[in-house]
Amino acid sequence: MNRPDGVETREDFLARLSRAARQEQFLQVVSRDEAVSRFRAAVPHAALPGESVPLAACLGRALAGDVASPIDVPPFDRALVDGFALRASDTMGASQAEPRRLGLNHEILACGVAPRLVVLPGTATAIATGGVMPRGADAVVMVEATGIASGDGPLAIDLDRVAAPGQFVGYAGSDMARGETVLRKGSVITAREIGMLAACGLAEVEVVRRPRIAVLSTGDELTAPGQPLSPAGIYDSNGAIIAASVTENGGVPVPFGIVADDEAALEDAIRAALSDCDVVVLSGGTSKGAGDVSHRILSRLGEPGILVHGVALKPGKPLCLAKAQDKAIVVLPGFPTSAMFTFHEFVVPLVRSLAGLPPREEDSVEAVLPQRIASERGRMEFVMASLTHGRDAPVAVPLSKGSGSVTAFSQADGFFAIPAARAGMEAGERVSLSRIGAGTRAPDLTLVGSHCIGLDAVVGRLAERGIRARTIWVGSSGGLASLKRGECDIAALHLLDPETGRYNTPFLTPSLRLAEGWSRMQGVVFRPGDTRFAGLRSSHISRVHGSPLLEGEGQGEVCDLIGESTHLTPTLSFQEREPSALPVEPSRARGAADEQRGGSMSFAGRDAAEAVSALVRDPDAIMVNRNTGSGTRLLIDGVLDGARPPGFWNQPRSHNAVAAAVAQGRADWGVAIESVARAYGLGFLPLTDERYDFAYVGDRAREPALAAFLSLLAEPETGAALAELGFPRAWTLS
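Below or above, wherever it landed, is the structure these notes cover. (Residues numbered from 1 in each chain as written. Predicted model: local features only at pLDDT ≥ 70, side-chain atom pairs only at ≥ 80, totals over all residues. Heavy atoms only, no water.)

Brief notes about the packing of helix H4 (residues 238–248) against helix H7 (residues 336–354)
Closest axis-to-axis distance for the H4/H7 pair is 10 Å, and the angle between their directions is 25°. The angle between H4 and H7 places the two elements in the roughly parallel class. The interaxial crossing formed by H4 with H7 has right-handed handedness. Here Asn238, Ile241, Ile242, Ser245, Val246 and Glu248 of H4 lie close against H7, whose contacting residues are Pro336, Ala339, Met340, Phe343, His344, Val351 and Arg352. Residues belonging to the contact of H4 with H7 are distributed by class as follows: eight nonpolar, three polar and two charged. (Axes fitted to C-alpha atoms, helices over the stretch in contact; angles between N-to-C directions. Helix = DSSP H or I, 4+ residues; strand = E, 2+ residues; numbered from the N terminus. Parallel < 35°, antiparallel > 145°, perpendicular 65-115°, else oblique. Left-handed = near helix turned anticlockwise from the far one by under 90°. Contact = heavy atoms within 4.5 Å. Nonpolar A, V, L, I, M, F, W, Y, C, P; charged D, E, K, R; others polar.)

Things to note about the side chain of Arg691
The topology assignment puts Arg691 in strand E39 (residues 683–697). There is a polar contact of 3.0 Å between the side chain of Arg691 and the side chain of Asp693. (Polar contact = N/O pair within 3.5 Å; in protein donor to acceptor, adjacent residues only side chain to side chain.)

Here's the deal with a nonpolar patch on the surface
Together, Leu80, Met142 and Phe168 line one region of the surface with nonpolar side chains, adding up to about 230 Å² of accessible area. Considering the arrangement of structural elements, one finds Leu80 in the loop between strand E3 (78–79) and strand E4 (83–86). Residue classification places Leu80 among the partly exposed positions, given a relative accessible area of 44%. (Patch = residues over 30% accessible without salt bridge, like charges linked within 9 Å, V, L, I, M, F, W, Y side chains within 5 Å. Areas by Shrake-Rupley, 256 points an atom, 1.4 Å probe, with all protein chains shown as cover. Salt bridge = Lys/Arg side-chain N within 4 Å of Asp/Glu carboxyl O. Buried < 20%, exposed > 50% of the residue type's maximum accessible area, 1.4 Å probe, protein only.)

Some thoughts on the sheet that holds strand E16 (residues 252–259)
The pairing of strands in a sheet comes from backbone hydrogen bonds and takes either a parallel or an antiparallel form. The strand order E16-E13-E17-E21-E20-E18 describes an open sheet built from six strands, whose pairing is mixed. Looking at strand neighbours, the two that pair on one side only are E16 and strand E18 (305–309), the edges of this open sheet. Across the sheet, the mean angle from the axis of one strand to that of its neighbour is 20°, orientation sign disregarded. One ladder, built from five bridges, connects strand E17 (residues 279–283) with strand E21 (residues 327–332); its direction is parallel. Within E21, the residue paired with Val281 across the bridge is Val330. (Pairing = 2+ DSSP bridges.)

Below, the structure written as structure tokens:
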């Protein structure tokens, strides 16, 4: 029981923890094939009854029955060319030497004009393509085979060739005859079929009813897009993705919104969805955890209840399949990638069957794996990959993002499966990549490495010139390794060599070249209001390959020596930055902690290196590090000089993740670039300017897409756009 003051007792907390840790949800993990078999046996995958809808609303629908033409199409004999309707017998013996002269009737049969005059022997009537054949005529001659007779007599034409009976005549019903079955049951209506139905005069058509699919998102952590994000909350992306996928596959999504992890509320929502829809799809509520309650609800909704809970898939193991009140209930995992893989594997076939549509035709492309991929034996694993141009064949580059990634599907060209019986696949193996989206064409240019919003701007300018580029963020070292394996065209990197103090060039092999990028300011980020940073001023900023200046240098200008060139660069002096965007309100917990620290650790008048040294000595100061192999990690290791302060092993993969950890109070300081610090409203203490450059294979520089990128990079307009973003170009390559 809770104490009178409302504070949870130790015993109550342990009981709640025990309930949260139970694994009763996972009844039995089965294979993918067994799960499909159980689901199809219990839930009929058959078309729903038909409904009559206006012709304009039929696109993409399946016909509920055969369609017979109620009329002849065309409904009358008509001319197939512009010319003259006549009797074929009147043309016998006509030639250029001895043309036949026929009297011209005073009538022009344009489309939609009903004939008034009979074509008598020795006469002809002018007619347009599609015009109704007049009585008496049995052929049409092209206007090019005739000429208007000269003279003052009655109007006539001279014909210089013979016409056969039926020449250039389209007969009634020659396209579709009255009573002829023109479309079969189950046919999917495209623009072509709509044209046929319209030609038959049909304003409404009987099509298979589109299944209504209830879409529910479950979880206390979810917030609807457009609403303020709560602490520890995330936006509900699954609901939008699932609804769009339902529409894409012939169903009608019925949004039921977000339902909290409250058992009574969730049960009410599911029962309402069952009464209103044909299928119920939930995302979340399948994994072991304190908020997962859907498994208990499903057992109370009616027989047979849960069919499968746990499938040997990766991602997607927590999938739950059930049936109640003669309707399917599918509970997808909460992570977006897991949810979408299981949705396409189990829900899409059901939705398409109910809509009367054929199975989805997945295009595929053969590609080569550039590296070995390990997998867990006993679970079929789906691996998303992007396509790049290999020297001999397309290359399928596996994407490393996990099942919680929202962008993985948008960045992938497709996916391939690693069979459950295998522990992985080897480098050089060929895989069949099932496409995702509209096509499997590889992008014109693939860039892999460290992320920068400056590169986003360059790629955007490249797209304006018709070059499709894909960016994959794996860190500087990962990008360079990818380039050396032939997985990409360009590696984006900012790697500092501690031995030489130079960026990027020491890491190149003889076959690689470096394209000049821009400079980025790296520094310590911290929350405004943290008293340890009160009154802080930075040291000077060097542009000499990112190396800090010696004490006392740079009061006015810094002499930047790169190769044999000399550049003068103003030194910047920084005070604690005021938040410029997205101000972050510290939590009460970290606010109290900041107040308790007082001003004992203020760094007023000290430079950045001294500030970091003081932070390392402060046991209450928690850092957020960067991943091994990133350019920023090399910088951090140099600044720490072997120290391992609290938070050292928290190693996210991006500047944004570092800034988020500091802004949210999970860490007190980290190292990131200045533009990210501004975006998160953080204070910024400059450490060094670094080079952000692009490595590529030298003998491929003339390839069109790569050449376009290099050319764009060198343009003054590009440099000006980068400077506006805070990324000056002040380098000359050695």
